[in-house]
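Results of the structural survey
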Amino acid sequence: MEKLYVNEIAPDGAINTVGLFYSRGEAENIIARLKAIPERAECHYEVVEAVAGAASTNPPKQGILTQLT
Amino acid sequence: MRGTTPRREQGMADPVLASMVHALGLETAPHYTAATPKIQAYRDSWVKLAKFRDGPVNPQRLEVADPAEMAKQIKAKAMDLGAHLVGICRLQPHMIDLGEDVPHEFVIAACVAEDYEKVVHGANAVEEEAMRTYAKCTEIATELAAHVRNLGFPARAHHNGGSEVQAIPIFYQVGFGELGRHGSLINEKYGASFRPGFVTTDLPLAEDKPREFGVQDFCMNCNVCQLNCPGDAIPKEHVMTRGIKRWLIDLEKCYPYSRLRDEYCHLCVDVCPYNVKSHPETYKAFMKERKQVGYKTPKSW
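To keep things clear, this report deals only with the structure shown in the data block. All figures in this text were calculated on a predicted structure; none of them were measured in a lab.

Cut-off values and rules
- Each chain has its residues counted from 1, running along the sequence as written.
- All chains are assigned letters beginning at A, and all ligands numbers beginning at 1, according to the order in which they are written.
- Since the coordinates come from a predicted model, pLDDT governs what is reported: local features require at least 70, and pairs of side-chain atoms require 80 or more to be given and counted, while whole-chain, interface and lining totals use all residues.
- Only hydrogens and water are set aside; all other atoms, that is, all heavy atoms of the structure, feed into the side-chain values.
- Segments assigned H or I by DSSP are reported as helices when at least four residues long, segments assigned E as strands when at least two residues long, and all are numbered from the N terminus.
- Categorising residues by exposure relies on relative accessible area from a 1.4 Å probe, with only protein chains included: less than 20% of the type maximum marks a residue as buried, more than 50% marks it as exposed, and the intermediate range marks it as partly exposed.
- Contact criterion: two residues are considered in contact whenever any of their non-hydrogen atoms come within 4.5 Å of each other.
- Every accessible area reported is derived by Shrake-Rupley at a probe size of 1.4 Å, with residue values counting cover from the shown protein chains alone.
- Aromatic pairs are defined between Phe, Tyr and Trp rings, using the six-membered ring for Trp, whenever the two ring centres lie within 6.5 Å; interplanar angles under 30 degrees are classed as stacked, those over 60 as edge-to-face, and all others as tilted.
- One less than the number of residues in a helix, times 1.5 Å, gives the span that helix is expected to have.
- Taken from the helix axis, the directions to the C-beta atoms give the arc we talk about.
- Under this definition, polar contacts are N or O atom pairs within 3.5 Å; protein pairs additionally need one hydrogen-donor-capable and one acceptor-capable atom, and for neighbouring residues in sequence, both atoms have to be side-chain atoms.

Concerning the overall build of chain A
For chain A, the helix and strand inventory stands at 1 helix and 3 strands. Considering chain A as a whole, with its 69 residues, one finds that 42% of them fall into the buried category. In chain A, the share of contacts with a sequence separation of at least 24, taken over all contacts with a separation of at least 6, comes to 51%. Total accessible area computed for chain A in this model is approximately 3,800 Å², and 52% of it derives from carbon and sulfur atoms.

Dropping the structure here:
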């Protein structure tokens, strides 16, 4: 079984990990559905193998209480 | 409002679980077929209440001059119905399942705490308690939604019998606590030992705010849940999603212990040190038992 992260890259370069998925088909299906959201039109997505360091480890920009949107 | 957060399919609809079950030559996960009559009755109860999630709205609408007072009354109502934690926030797209449309402005979270004392009585006792609280949350959400509709405002209950909302982002926003390493939200009084029900509504309500009390920093160094996970499914590394640390549970490692055996597994939540404040003696007794079996393997296995 594959282990794949889907990362979302915002226009400003910020990377958020969407989740952990278990097949390329599953990951690509999620990406297709996210791309259909108008507010995400300018985001890019990547599928990366879930090895150490593959997911986003960006520190919070405004601290832990940053709003999730 | 359309949702933006993917929801993993549950049960046999999850392709990961389905492939593991079928690889064993089985039709369904052993854990589901091993339910006691009591547990099955709890599960049946939220299925039965699903059709009451929504309903007609009273054409006579209550005038709400003070959303703060209204929020106070709604919280008191939820507590009267049996909730231990009640919080309110404005609904946002990331709180809704990707692709779903929830046409409401606010969400009320009403949670019931599990009786932590059950941990020393074994996995079946823990599971019955978990299902009991899920069933109670379903009742509370259903009655609270009906109460709000009777005030003249649309309202929909979200619970195990049907839901379009995401628990963790809502818990965070209403100030219940912070996300822990085990993937559940940690509250300083109840740890992660509580279950939710939600009501989305247009009733004007004052909002609660997120609260921070050091959980994410604590989880960076604690590792107790990771050490006790029999499947080694809890990772050392975290990822970041919009400023929040998330430790993504490996389901391929979790399911053999949580779904492919008859017995329930809730160990990551049970061993969390955030349980110690409210249940010091029970926690110590339980962890002594865990230590005696070398952490990873429970006594009964």
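So, the packing of aromatic side chains
For any pair of aromatic rings, the description consists of the separation of the ring centres together with the inter-plane angle of the planes. Residue and element names in this part refer to chain B. Per the stated rule, a full pass over the model turns up 6 aromatic pairs over all chains. A centroid spacing of 5.6 Å and a plane angle of 35 degrees characterise the contact between Phe 171 and Phe 176, whose relative ring orientation is tilted. The burial state of Phe 171 is the same as that of Phe 176; both residues are buried. A ring pair is formed by Phe 218 and Tyr 274, whose centres lie 5.3 Å apart and whose planes are at 75 degrees; its orientation type is edge-to-face. Of this pair, Phe 218 sits in helix 7 (residues 215-222) while Tyr 274 sits in the loop between helix 10 (267-270) and helix 11 (280-292); the two residues are 56 residues apart in sequence, bridging distant segments of the chain. A relative accessible area of 36% means that Phe 218 is categorised as partly exposed. Members of the aromatic cluster, connected to one another through ring pairs, are Phe 171, Phe 176, Phe 194 and Phe 198.

Some points on helix 1 (residues 24-35) of chain A
In this model helix 1 of chain A runs 16 Å from its N-terminal to its C-terminal C-alpha over 12 residues, within 8% of the 16 Å that 1.5 Å per residue would give. Residues Glu 26, Ala 27, Ile 30, Ile 31 and Leu 34 of chain A constitute the buried set of helix 1 of chain A. Buried residues along helix 1 of chain A cover an arc of 135 degrees about the axis, so they all sit on one side. Next to the buried residues of helix 1 of chain A lie strand 1 (4-9), strand 2 (15-21) and strand 3 (44-49) of chain A together with helix 1 (15-23) of chain B.

Structural notes on the environment of Arg 211 of chain B
Residue and element names in this part refer to chain B. Take Arg 211: it is sitting in the loop between strand 6 (194-201) and helix 7. Under the relative-accessibility criterion, Arg 211 is labelled partly exposed at 33%. Sequence separation between Arg 211 and Arg 90 is 121 residues, and the spatial gap between their C-alpha atoms is 16 Å. A distance of 2.7 Å separates the side chain of Arg 211 from the backbone oxygen of Gly 175, its partner in a polar contact. Within the structure, the side chain of Arg 211 is placed 2.9 Å from the side chain of Glu 188, a separation counted as a polar contact.

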